[in-house]
Amino acid sequence: MNLIEFSDIRKAYTIGSVTIDALAGVSFDIGEHEFVAIMGPSGSGKSTLMHILGCLDTPTSGTYRLEDHNVSELRSNDLAHIRNRDIGFVFQAYNLLPHLSALENVLLPCTYSTHVMSGRDERARGHELMERVGLKDRMYNRPVEMSGGEQQRVAIARALMMDPPVILADEPTGNLNSKGAREILDIMKDLHADGKTIVYVTHDDTIGAQAERVIRIQDGRVVADERN
Amino acid sequence: MDLRDSFRNATRAIWAAKMRSFLTMLGIIIGIAAVVMLMAVGNGTKQSILSRMQSSGSGNLYLTAGARSNVLMGGNPEGGAGGFAASRAGVSSGAEITTQDLTYIEARVTYSVVVSPTNQTNITIKNGNTTMSGTGIFATPTYFQVENVTIADGRMISDGDVSNRTRNVVIGNTVQTTLFPNESAVGQLIRINGASYKVVGVAASKGETVGSSVDTAIVLPFSVGEKSFGIAHNRVQRTTIECVDPTQTKVVIAEITDILTLKHKKVDFTIQDVAAMTALVTSAMTILTALLAAIGGLSLLVGGIGIMNIMLVSVTERTREIGIRKALGARERDILVQFLIESSLLSVSGGVLGIVVSVLGSDFVVSRFTTTVITGSSILLAVGFSIAVGVFFGVYPARTAARLKPVEALRYE
Ligand SMILES: Nc1ncnc2c1ncn2[C@@H]1O[C@H](COP(=O)(O)OP(=O)(O)O)[C@@H](O)[C@H]1O
Ligand SMILES: [Mg+2]
């Protein structure tokens, strides 16, 4: 069964009199439990695609179905609900809140959940996730006190907080050294083994080679869609 | 997002920018303190005027020369010197009340009344090297009855003092403590405007603070006024008429008006009862208090604009945070509430501090100059106002924040 259906998704940016087609008609399906790598040169439209997948942005045209929702037709509150429950987004720039501790960052999605967990259950899950990403003893540190790799692992723990079926990662290792990148990739493979659907943007062919499927993008179009 | 989280977030954000938050609050602190303190002055003035009126008896009527409607100018029951100056200036030479008028009224009025004629002038009082200024009240023994002035020590002015023009006086409590700090004044001689008088009694304090009071006054026999203080023969500046049955004041006013109009052939005098004056004072002072509150409200408005300004800055600075929160599932409403709570918290804390400042300020500073009364309703008004200011001036910045598109907010550097 398809978890994600993208059909003829377009995104155009107009700056003054110039229109840029960041996505010029993208169609693909992603099934449950797939590990998909999205690859392509800089400026090819990968981030635009991920933002639409993550319900952070809306396409200019085309239909996007996620599970049983027709995302293209949803209103702002429902999109917020999907971002909270169905998708865990991992950014290249980590995007942690600097004034909160690592644990507080991980717990942040609970604040916006309609499904109410007790404070104790939330904290227990937060501890468990911090342990899972190997940062059990860094829970009360602030982001500035952590390395890039550690911050990205906190961001992954945060993405997992509401136990979403889909994890979207937009160049999560783009700012990391090879050791940090390997740790992130190991966690991602681990999550995939646990049954998560993973869409992973990368420049790195060795990472791409470890994915089940690679979708290649160029100039806002899918130029290749291969299964390894 | 539950409210407890929102409050914690808001306090955190406010605390993170302590100096800026405090400066923003300062606008509200000043605004609220101004509103509460100015209202306290208005209410205090009203209360002290009213209590002074009511302390002299609800059955009292006040008869003064000149047909005037403005009670505040001439109808003040104990008649400050200013009031009399104004009445003298505003009344034509023919319009005056004389002791003959009063005898005429007493002979004809059918209800039981007590008539107390008084004249008043500013005097200088001296004992040895101690000098003070005060009010000289020229009165008959009925004065003590109608104005509810009791004698703490000695006796009051007697009919004999009045008919013999004896230089016997009753002094107010403040005069006693100022001129004779260590002994009773009764039996002592004092000098008033240079001449020698004998103190026969000391009036009990009435503890009033606004305008003239019996505490700083000396009561002299009525007849001494024309003999030694240049007051025109038989002239009465002001007469208090006590109705023995206080429920009949309206009828007595009508009757005395008829009697005196018959004698004067025109209405060149004013008679008012306490109720009428109370109503007038109350409405005048309520308007004054509202006006004062409105003036304070202006600075509150400025404080509110300060909050709006700082919230707009805060929204801009935290655009990325808003994007992150939205990416994690925050709805527009969550962001709106977050910023509204923050702005309200700023203005309510400012309001509470403002109330503290105004309570301290009016207790320790303003009350030295005038009576202040901080009412529960002015506190409620202040709290209500500061919540309203926080919400009103917070809505625009909060809506701006709530409506940011997640991807655009995240892109913000
Ligand atoms: N907000 C924007 N306004 C205008 N053009 C944009 C905007 N975001 C992206 N683009 C353009 O869209 C194209 C795709 O960008 P992006 O999706 O970020 O590419 P990638 O992530 O593959 O590097 C680029 O040409 C970029 O300049
Ligand atoms: Mg990108």
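Here, the structure is the one placed above.
These numbers were taken from a predicted model, which means no experiment stands behind them. For every chain, the first residue of the written sequence is number 1, and numbering continues from 1 onward in sequence order. Each chain takes a letter, starting from A, and each ligand takes a number, starting from 1, following the order in which they are written. Residues qualify for local features only when their pLDDT is at least 70, as the model is predicted, and side-chain atom pairs are given and counted only at 80 or more; totals for whole chains, interfaces and linings, by contrast, use all residues. Side-chain numbers here rest on the full set of heavy atoms in the structure, without hydrogens or water.

Engineer: Please provide a residue-by-residue account of the overall build of chain A, values included.
Structural biologist: What chain A contains, in helices and strands, is seven helices and 10 strands. Relative to the globule expectation of 17 Å for 228 residues, the C-alpha radius of gyration of chain A, 17 Å, shows essentially globular dimensions. Counting only C-alpha atoms, chain A reaches 50 × 40 × 40 Å along its principal axes. Think of it in three bands: with a 1.4 Å probe and only protein chains considered, a residue is buried below 20% of the maximum accessible area for its type, exposed above 50%, and partly exposed in between. Within chain A, the proportion of its 228 residues that are buried is 54%. Note on contacts: a residue pair is in contact if any heavy atoms of the two residues lie within 4.5 Å. Once local pairs closer than 6 in sequence are excluded, the contacts in chain A between residues at least 24 apart make up 70%. Residue-level accessible areas treat just the shown protein chains as cover; the underlying method is Shrake-Rupley with a 1.4 Å probe. In the structure as shown, chain A presents an accessible area of about 10100 Å², 45% of it carried by carbon and sulfur atoms. When charges are counted, neither His nor the chain ends are considered; positive counts come from Lys and Arg and negative counts from Asp and Glu. Where a charge sits is defined by one atom per residue type, namely NZ (Lys), CZ (Arg), CG (Asp) or CD (Glu). Computing the positive centroid from 24 side-chain charges and the negative centroid from 33, chain A places the two 4 Å apart. Runs of E in the DSSP output that reach at least two residues are strands. Runs of H or I that reach at least four are helices, and both are numbered from the N terminus. Values of the radius of gyration come from C-alpha atoms, whereas the globule rule sets the reference at 2.2 Å times the count of residues to the power 0.38.

Engineer: I'd love a proper account of the packing of helix α12 (residues 319-327) of chain B against helix α13 (residues 332-364) of chain B, names of residues and values included.
Structural biologist: Residues and elements named next belong to chain B. Axis definition: a line fit to C-alpha positions, over the contact stretch in the case of helices; interaxial angles, taken between N-to-C directions, run 0 to 180 degrees. Closest axis-to-axis distance for the α12/α13 pair is 10 Å, and the angle between their directions is 140°. In terms of orientation, α12 and α13 fall into the oblique class. Considering the relative orientation of α12 and α13, their crossing is right-handed. In this structure, α12 contributes E321, I322, R325 and K326 to the contact, and α13 contributes E332, I335, Q338 and F339. In this classification, the charged set is Asp, Glu, Lys and Arg, the nonpolar set is Ala, Val, Leu, Ile, Met, Phe, Trp, Tyr, Cys and Pro, and all remaining amino acids, among them Gly, are polar. Tallied by class, residues from the contact of α12 with α13 come to three nonpolar, one polar and four charged. Roughly parallel refers to an angle under 35 degrees, roughly antiparallel to one over 145, roughly perpendicular to one between 65 and 115, and oblique to any angle outside these ranges. With the far helix as reference, a near helix turned anticlockwise by less than a right angle produces a left-handed crossing, and one turned clockwise produces a right-handed crossing.

Engineer: Report on the interface of chain B and chain A, specifying residues and quantitative values.
Structural biologist: The interface is formed by 22 residues belonging to chain B together with 23 residues belonging to chain A. Note that A:E104 and B:R12 form a salt bridge whose closest N and O atoms lie 3.0 Å from each other. Under this definition, polar contacts are N or O atom pairs within 3.5 Å; protein pairs additionally need one hydrogen-donor-capable and one acceptor-capable atom, and for neighbouring residues in sequence, both atoms have to be side-chain atoms. Summed over the shared surface of chain B and chain A, the result is six residue pairs in polar contact (both at pLDDT 80 or more). Listed by contribution, the elements that provide at least two residues to the side of chain B that touches chain A are α1 (3-16), α12, α13 and α15 (406-411) of chain B. Ranked by residues supplied to the side of chain B that touches chain A, first place goes to α12(B) with six residues. A pairing counts as a salt bridge when a side-chain nitrogen of Lys or Arg comes within 4 Å of a carboxyl oxygen of Asp or Glu.

In short, the description is geometric, and any link to function would need to be established separately.
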